[in-house]
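# Coordinates in review
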Amino acid sequence: MVIQKICCLGAGYVGGPTCSVIALKCPDIKVTVCDKSVDRINQWNSDKLPIYEPGLDDVVKQCRGRNLFFSTDIETSILEADLIFISVNTPTKTIGNGKGRAADLKYIEGAARMIADIATSNKIVVEKSTVPVKAAEIIMKILRANTKPGVEYQILSNPEFLAEGTAIVDLVESERVLIGGEETTEGQKAIQELCWVYEHWIPAKNILTTNTWSSELSKLAANAFLAQRISSINSLSAVCEATGADVSEVARAVGRDSRIGPKFLEASIGFGGSCFQKDILNLIYLSECLNLPEVAAYWQQVVSLNDYQKTRFTRKVIESLFNTVADKKIAILGFSFKKNTGDTRESPAIYVSSTLLDEGAKLHIYDPKVEYDQIFYELTHPLVTSEPEKVKKNIQIHNSAYSAVSGAHALVLCTEWDEFKSLDYKKIYDAMMKPAYIFDGRKILDHEALLNIGFHVQTIGKRL
Ligand code: NAD
Ligand code: UGA
């Protein structure tokens, strides 16, 4: 079979960009991205896409209506597809068995049941979402228990490694594409068919093939390793602050060893994003279920250290402000979990903001890409506060950094947006209450210059 039509279930941060790049690079393939959410699909079909991602607008503009379609007509797109990506969300379970750790596979199961109900011809079903090891077995069981006569399925694992903010570059210049499948003749054939899609633009040497379970586990392992590096450097940032060492110098020296490498060693207020914590918790739960408590405890420490880092930073803000922020105006610069995205899922800024609000602060928040409603949504969420009305009264959202800092006792920088580096800090100092405090949670500002202006400055991993 030569793949002519692809359907993707889930038009989120992964499904949207991934399929847009497939459509760009494979003009001979018709790609339809579907979602249950009418709103989301309407946004994909409008001038304002539902997610901010550098370069994405251009790709969508080039392909939409040509060989890229966004649709809520899931039935037609499943019926006509040769290959179906499942790119639905796999959040941490909030209720029941494994609550707070296990991945909630209800959307994966829902997608598999949709395919089983609708399909009338052979399909290659590709697990693109991040899932626990052996999840492909669940999809397989559902599909094969409901197969119509003459319909055959192959299930592949093809996890996604893109990072938000650099998704288009990551997809166009992938260091590796990973495809896992069954070790049968049919399984190997399905792997080759998906390889053919990627080989439109990815060199064959960058496409790795494995068995299904290795592929599923490699995705969890890659995120666990990345997060572990951040927790490792963050743990050392505390040692630096206590001793006078500088974490940036330590990272530079350690990273120069080619066995360690320089990337992903930026100490910060802690990692955020929808995946690191969720995927490590998933690995922890899996290890516990496999009766491997030492393995579970090892990875648990990566998450615990991240919580410690967020708490440590926030405590420093409060203690520096004479141990009380009640009724003080505090400017929060940056609310997304990293620069170049509007995504706020698990953003450290949520923890920092909600703790300051609990202590009675009045927050003035500015982020270049996060929508007002999204900030309110995060800070009034039932898991964050039991007093949403009170919270609403104490936050004000601004459309510039300068208006957020005016009259503030402190500026707390939570996201490393480039524009924060080039603000006029003399002007900011003049507009703030004195003593004026800056807490640089991302180590991006020129601390010497700020001290010279008169600010009290604190950052991560360095005594000033
Ligand atoms: P998302 O929440 O942005 O998007 C998921 C979409 O799936 C939602 O719009 C939802 O409405 C839709 N959906 C759910 N069930 C559906 C169904 N049966 N049919 C059609 N649509 C359905 O999630 P995301 O950030 O795109 O993540 C998706 C998966 O990819 C997760 O498993 C995540 O761990 C993984 N992942 C995410 C990233 C990332 O950067 N966000 C990177 C790599 C992997
Ligand atoms: C991460 C991985 O990098 C992707 O490979 C993976 O596909 C994705 O998760 C996923 O599975 O969802 P993402 O979360 O989008 O991508 O962004 P990262 O660049 O990894 O940053 C995650 C968090 O770590 C951010 O809060 C960032 O500020 C923080 N970080 C990153 C640090 O604190 N220090 C660093 O050195 C690097």
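This is a predicted model, so every value here is computed, not measured.

Parameters and conventions
Residues numbered from 1 in each chain as written. Chains lettered and ligands numbered in written order. Predicted model: local features only at pLDDT ≥ 70, side-chain atom pairs only at ≥ 80, totals over all residues. Heavy atoms only, no water. Buried < 20%, exposed > 50% of the residue type's maximum accessible area, 1.4 Å probe, protein only. Helix = DSSP H or I, 4+ residues; strand = E, 2+ residues; numbered from the N terminus. Arc of directions from axis to C-beta. Contact = heavy atoms within 4.5 Å. Phe/Tyr/Trp six-rings, centres within 6.5 Å; stacked < 30°, edge-to-face > 60°. Lys NZ or Arg CZ within 6 Å of the ring centre and 35° of its normal. Axes fitted to C-alpha atoms, helices over the stretch in contact; angles between N-to-C directions. Parallel < 35°, antiparallel > 145°, perpendicular 65-115°, else oblique. Left-handed = near helix turned anticlockwise from the far one by under 90°. Nonpolar A, V, L, I, M, F, W, Y, C, P; charged D, E, K, R; others polar. 1 Å grid on protein atoms, 1.4 Å probe; cavity = no way out; pocket = protein on both sides within 12 Å on 5 of 7 lines; lining within 4 Å. Points joined across faces, edges and corners; volume = space filled by probe spheres on them. Disulfide = S-S within 2.5 Å. UniProt positions renumbered as here; feature names shortened; annotations may be inferred. Near = heavy atom within 4 Å. Polar contact = N/O pair within 3.5 Å; in protein donor to acceptor, adjacent residues only side chain to side chain. Areas by Shrake-Rupley, 256 points an atom, 1.4 Å probe, with all protein chains shown as cover. pLDDT = per-residue confidence, 0-100. Salt bridge = Lys/Arg side-chain N within 4 Å of Asp/Glu carboxyl O. Pairing = 2+ DSSP bridges. Core = buried A, V, L, I, M, F, W, Y, C linked by side-chain atoms within 4.5 Å.

Taken as a whole, helix α14 (residues 372–379) has its buried residues at Ile375, Glu378 and Leu379. Projection of α14 onto a plane perpendicular to its axis shows the buried side chains occupying an angular sector of 90°, all on one side. Contact partners of the buried residues in α14: α13 (348–358), β10 (362–366), α15 (388–393) and β11 (395–397).

Given two aromatic rings, their pairing is described by the distance between the two centres and the angle made by the two planes. Within this structure, the stated rule accounts for 10 aromatic pairs. Look at Trp44 and Phe70: their rings are 4.8 Å apart centre to centre, the planes differ by 10°, and that puts the pair in the stacked class. Highlighted residues: Trp44 in helix α2 (residues 38–44) and Phe70 in strand β3 (residues 68–71), separated in sequence by 26 residues. Accessibility assignment for this pair places Trp44 and Phe70 in one class, buried. Taken together, the aromatic side chains of Phe225, Tyr298 and Trp299 make up a single cluster linked through ring pairs. Positioned above the aromatic ring of Phe69 is the side chain of Lys30, whose terminal nitrogen or guanidinium carbon lies 5.4 Å from the ring centre.

Contact pair helix α11 (residues 276–289) / helix α12 (residues 293–320): the axes reach a minimum separation of 8 Å and the direction vectors enclose 155°. Here α11 is positioned roughly antiparallel relative to α12, judged by the angle of their axes. The crossing of α11 and α12 is left-handed. Contacts between α11 and α12 pair Gln277, Ile280, Leu281, Leu283, Ile284, Ser287 and Glu288 from the former with Val295, Ala296, Trp299, Gln300, Val302, Val303 and Asp307 from the latter. Looking at the contact of α11 with α12 residue by residue, the classes come out as nine nonpolar, three polar and two charged.

For the rest of this paragraph, the subject is the environment of Gln309. Its place among the elements puts Gln309 in helix α12. Setting aside chain neighbours within four positions, we find Gln309 in contact with Asn234, Ser237, Ser268, Ile269, Gly270 and Ile460.

To continue, consider empty space enclosed by the protein. This structure, assessed with the given rule, holds one cavity of 30 Å³ or more. Taken as a whole, the largest cavity holds about 40 Å³ of empty space. Around the largest cavity, the lining residues are Glu127, Ser129, Thr130, Val131, Ser157, Asn158, Pro159, Glu216 and Lys219.

The next point concerns the state of the cysteines. Here a disulfide denotes a covalent bond joining the sulfur atom of one cysteine to the sulfur atom of another. Going through the model one piece at a time under the given rule, you end up with zero disulfides. With no disulfide of its own, Cys63 lies closest to Cys26 among cysteine sulfurs, the gap being 9.9 Å.

Next up on the list: the UniProt feature "active site" (unreviewed entry) in the protein chain. When the UniProt feature table is mapped onto this chain, "active site" (unreviewed entry) is found at Cys275. With respect to the element layout, Cys275 can be found in the loop between α10 (247–255) and α11. Residue classification places Cys275 among the partly exposed residues on the basis of a relative accessible area of 28%.

A word on the site of ligand 1. Inspection of the region around ligand 1 gives 25 residues, with Asp35, Arg40, Thr90, Glu164 and Lys278 positioned closest. One of the side-chain nitrogen or oxygen atoms of Asp35 is found 2.6 Å away from an oxygen atom of ligand 1. Contact between ligand 1 and Glu164: a nitrogen atom at 2.9 Å from a side-chain N or O atom of the residue. Within the complex, 92% of the 830 Å² of free accessible area of ligand 1 lies under protein.

This part is about the confidence of the model for the protein chain. For the protein chain, per-residue confidence averages 97 on the pLDDT scale, and 100% of positions sit at 70 or higher. For this predicted complex, the interface confidence reaches an ipTM of 0.98, while the overall pTM sits at 0.96.

The tally for this structure, following the rule as stated, stands at 25 salt bridges. For Glu109, the salt bridge is made with Arg113, and the minimal N-O distance between the two is 3.1 Å. Of this pair, Glu109 and Arg113 both sit in helix α5 (residues 106–118), separated by four residues, roughly a single helical turn. The class for Glu109 is partly exposed, based on a relative accessible area of 32%. A single network of salt bridges, built from pairs that share partners, joins Glu164, Asp343 and Arg345.

Right, let's get into the sheet that holds strand β14 (residues 456–459). The parallel open sheet is built from six strands, whose spatial order is β11-β10-β9-β12-β13-β14. Each edge of the open sheet carries a strand with a single partner, namely β11 and β14. Here the strands of the sheet are splayed against their neighbours by 20° on average, with no regard to which way each runs.

Core analysis: the largest hydrophobic core is formed by 43 residues, its most contacted members being Ile6, Val31, Phe85, Ile179, Leu194 and Tyr198. A total of six residues in this core trace back to one element, the largest contributor, which is helix α8 (residues 185–198). Excluding its chain neighbours within four sequence positions, the residues that come into contact with Leu194 are Ile3, Leu83, Phe85, Val126, Leu156, Asn158 and Ile179. Core analysis: the second largest hydrophobic core is formed by 35 residues, Ala267, Ile269, Ile395 and Tyr437 among them.

The environment of ligand 2 is made up of 20 residues, and the closest members are Phe161, Leu162, Ser268, Cys275 and Arg442. A distance of 3.4 Å separates an oxygen atom of ligand 2 from a polar backbone atom of Glu160. In isolation ligand 2 offers 700 Å² of accessible surface; the protein chains occlude 89% of this area. Looking at which element gives the most residues to the shell around ligand 2, the answer is helix α9 (residues 212–243), with four residues. The residue makeup of the shell around ligand 2, split by class, is 11 nonpolar, three polar and six charged.

Before going further, it helps to spend a moment on the layout of surface pockets. Of the volumes computed, that of the second largest pocket is approximately 220 Å³. Taken together, Met1, Asn122, Lys123, Ile124, Glu152, Tyr153, Gln154, Glu186, Lys189, Ala190 and Glu193 make up the full set of residues lining the second largest pocket. For the lining of the second largest pocket, the elements supplying multiple residues, two or more each, are β5 (123–127), β6 (153–157) and α8. In the lining of the second largest pocket, the residues fall into four nonpolar, two polar and five charged.

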